[in-house]
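# Remarks on the overall topology
Listed here are the chains, written in short residue letters.
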Amino acid sequence: MARIIAGVASSHVPAIGAAIDNKQTEEPYWKRVFAGFERSKEWMAEAKPDVAIIVYNDHASAFSVEVVPTFALGCAAEFPPADEGWGPRPVPVVQGHPELASHIAQSVILDEFDLTICNKMEVDHGLTVPMNLLFGSPKQWPCPVIPLAVNVVLYPPPTANRCFMLGKAIRKAVQSYPEDLRVVIFGTGGMSHQISGPRAGLINSKFDKAFLDNLSKDPKKLTRISHLEFMREAGAEGIEMVMWLIMRGALDDKVEETYRFYTVPASNTAVGHIILEPKTRSAGKSKRPAAKVKRAAARMKSDIRRSK
Ligand code: DHB
Ligand code: FE
């Protein structure tokens, strides 16, 4: 049986991708940002998921504003990087997992979530930047990916609660897949940021930190945040955080916070990152021993205490 071994959330700022592509990661401004993901990359290298489901949003790259699906699942065998205006990012083509993706589509749609099925799709920084942050910049990505694109660019986006419920449906879908796959789910985007208008540059660290706290402890509380509250408190683009709730809905009710990182700013954005694991993780059957991952997690726990 497939199962979800962890949830990861990360901001997806395009300038982070540009810093990687232009070899600026050692510059002091960027070093501060990338340093926060060093331990996460170690954790990911040890966790070695078989598949990653990456919940992200397209920024009018694959979908023009003419057609904007609310939830679009990538069922293709591969997803090339999109041209976002400066040419496609020089990252490997993302390999898909059409079998698991079709199974998720069937299970979730029969559970009455009306996904759009994408058999051809390009992926933008919303997906590839978090992949770089967690997987580094290898010649080939280490595992297949199922992209789930969520509309947070054109009003009305889905509600926080709807996203959380979709996460639960995805969990059920994964757990009913017969092959013994270890799956990591990503929620991307956020945290507080506003790119244009009189409030451009808005950051609300208090809101972001409470969101991170509640993501592990009281996600139900986060499902009651309205669009207006996201907009008022976290800026116009802060709504991207609803995607983190799809990830959270796909995890157990009780989770352990393995790692957290928060820094301001990167470009216009507050960068937030968290790794959550089920409390039952080491109890479950695993193809790989959990001990190494647990050691990495223990090292990271002391980092959380320092960064809070
Ligand atoms: C920025 C952040 C985003 O999430 C995005 O999609 C585009 C730009 C920014 O900080 O500039
Ligand atoms: Fe974005």
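Just above, that's the structure.
The following paragraphs examine the structure supplied in this document. (Residues numbered from 1 in each chain as written. Chains lettered and ligands numbered in written order. Predicted model: local features only at pLDDT ≥ 70, side-chain atom pairs only at ≥ 80, totals over all residues. Heavy atoms only, no water.)

Per the secondary structure count, the protein includes 11 helices and 10 strands. Over its C-alpha atoms, taken along the principal directions, the protein stretches across nearly 50 × 45 × 40 Å. When burial is assessed residue by residue, the protein has 56% of its 308 residues classed as buried. In the protein, the share of contacts with a sequence separation of at least 24, taken over all contacts with a separation of at least 6, comes to 82%. (Helix = DSSP H or I, 4+ residues; strand = E, 2+ residues; numbered from the N terminus. Buried < 20%, exposed > 50% of the residue type's maximum accessible area, 1.4 Å probe, protein only. Contact = heavy atoms within 4.5 Å.)

Turning our eyes to something else, we now look at the environment of H103. On the secondary structure map, H103 appears in helix α4 (residues 98–110). Along the sequence, H103 and C75 sit 28 residues apart, while their C-alpha atoms lie 9.5 Å from each other. When neighbours within four sequence positions are excluded, H103 is seen to be in contact with A173, S176 and Y177.

Attention shifts here to the sheet that holds strand β2 (residues 51–56). What the eight strands build is an open sheet, ordered β6-β3-β7-β2-β8-β1-β10-β9; its pairing is mixed. A strand with exactly one partner marks an edge of an open sheet, and here the two such strands are β6 (116–118) and β9 (255–266). Going from strand to strand, the sheet's axes swing by 20° on average, the running direction of each strand aside. As judged from the four bridges shared by strand β1 (residues 3–10) and strand β10 (residues 269–278), these two strands associate in the antiparallel manner. Across the sheet, residue S10 finds its bridge partner in β10, namely H273. Sheet strands touched by helix α5 (residues 125–135): β1, β2, β7 (145–150), β8 (182–188) and β10. Its angle to β8, the strand with the most contacts, is close to 120°. (Pairing = 2+ DSSP bridges. Axes fitted to C-alpha atoms, helices over the stretch in contact; angles between N-to-C directions.)

In total, this model carries nine aromatic pairs according to the counting rule given. Residues F211 and W244 carry aromatic rings whose centres are separated by 6.0 Å and whose planes lie at 75° to one another, so their mutual orientation is edge-to-face. Here the residue F211 occupies a position in helix α7 (residues 205–217), and W244 occupies one in helix α10 (residues 242–249), the gap between them amounting to 33 residues. Residue classification places F211 among the buried positions, given a relative accessible area of 1%. In this structure an aromatic cluster arises from ring pairing among F207, F211, F230 and W244. Of note, R32 hangs over the ring of Y29, and the distance from its end group to the ring centre comes to 5.0 Å. (Phe/Tyr/Trp six-rings, centres within 6.5 Å; stacked < 30°, edge-to-face > 60°. Lys NZ or Arg CZ within 6 Å of the ring centre and 35° of its normal.)

Bringing unusual backbone geometry into the picture now. Residue M191 is reached from G190 by a cis peptide bond, and omega for that bond is -5°. The topology assignment puts M191 in the loop between β8 and α7. The amide bond that connects V264 to the next residue, P265, takes the cis arrangement and shows omega of -15°. Within the chain, A60 stands out as a residue other than glycine whose phi angle is a positive 60°. Tracing the chain through its elements places A60 in the loop between β2 and β3 (71–74). A positive phi angle, near 55°, is found at S267, a position not held by glycine.

With that settled, the discussion passes to the site of ligand 1. What surrounds ligand 1 is the set H12, V13, P14, H59, H125, H193, I195, E240, A266, S267, N268 and T269. Take T269: an N or O atom from its side chain is 2.4 Å from an oxygen atom of ligand 1. (Near = heavy atom within 4 Å. Polar contact = N/O pair within 3.5 Å; in protein donor to acceptor, adjacent residues only side chain to side chain.)

Let's shift gears to the coordination of the iron ion (ligand 2). Within the protein, the iron ion (ligand 2) binds to H12 (NE2), H59 (NE2) and E240 (OE); these donor distances fall in the range 2.0 to 2.3 Å. Read N to C, the donor residues that coordinate the iron ion (ligand 2) are spaced as H-x46-H-x180-E. A residue pair is termed long-range when its members are at least 10 positions apart, and H12 in the loop between β1 and α1 (14–21) and E240 in the loop between α9 (227–234) and α10 qualify at 228 residues. Like E240, H12 is buried. (Donors = N, O, S within 2.8 Å, 3.2 Å for Na, K, Ca; no water.)

Turning next to the packing of α7 against α10. Contact geometry for α7 and α10: axes closest at 10 Å, N-to-C directions at 20°. Taken together, α7 and α10 sit at an angle that is classed as roughly parallel. Seen from above, α7 lies across α10 with right-handed handedness. Contact with α7, carried on its side by F211, L212, L215 and S216, involves W244, L245, M247 and R248 of α10 and no other residues of that element. Counted by class, the contact of α7 with α10 contains six nonpolar, one polar and one charged residues. (Parallel < 35°, antiparallel > 145°, perpendicular 65-115°, else oblique. Left-handed = near helix turned anticlockwise from the far one by under 90°. Nonpolar A, V, L, I, M, F, W, Y, C, P; charged D, E, K, R; others polar.)

Residues F71 and L73 line one face of β3 and the alternating positions A72 and G74 line the opposite face, and both faces are buried. With three bridges connecting them, β3 and β7 associate as antiparallel partners. In the sheet register, F71 faces β7, and the bridge partner there is V150. Pairing analysis gives three bridges linking β3 to β6, with the strands arranged parallel. Within β6, the residue paired with G74 across the bridge is C118.

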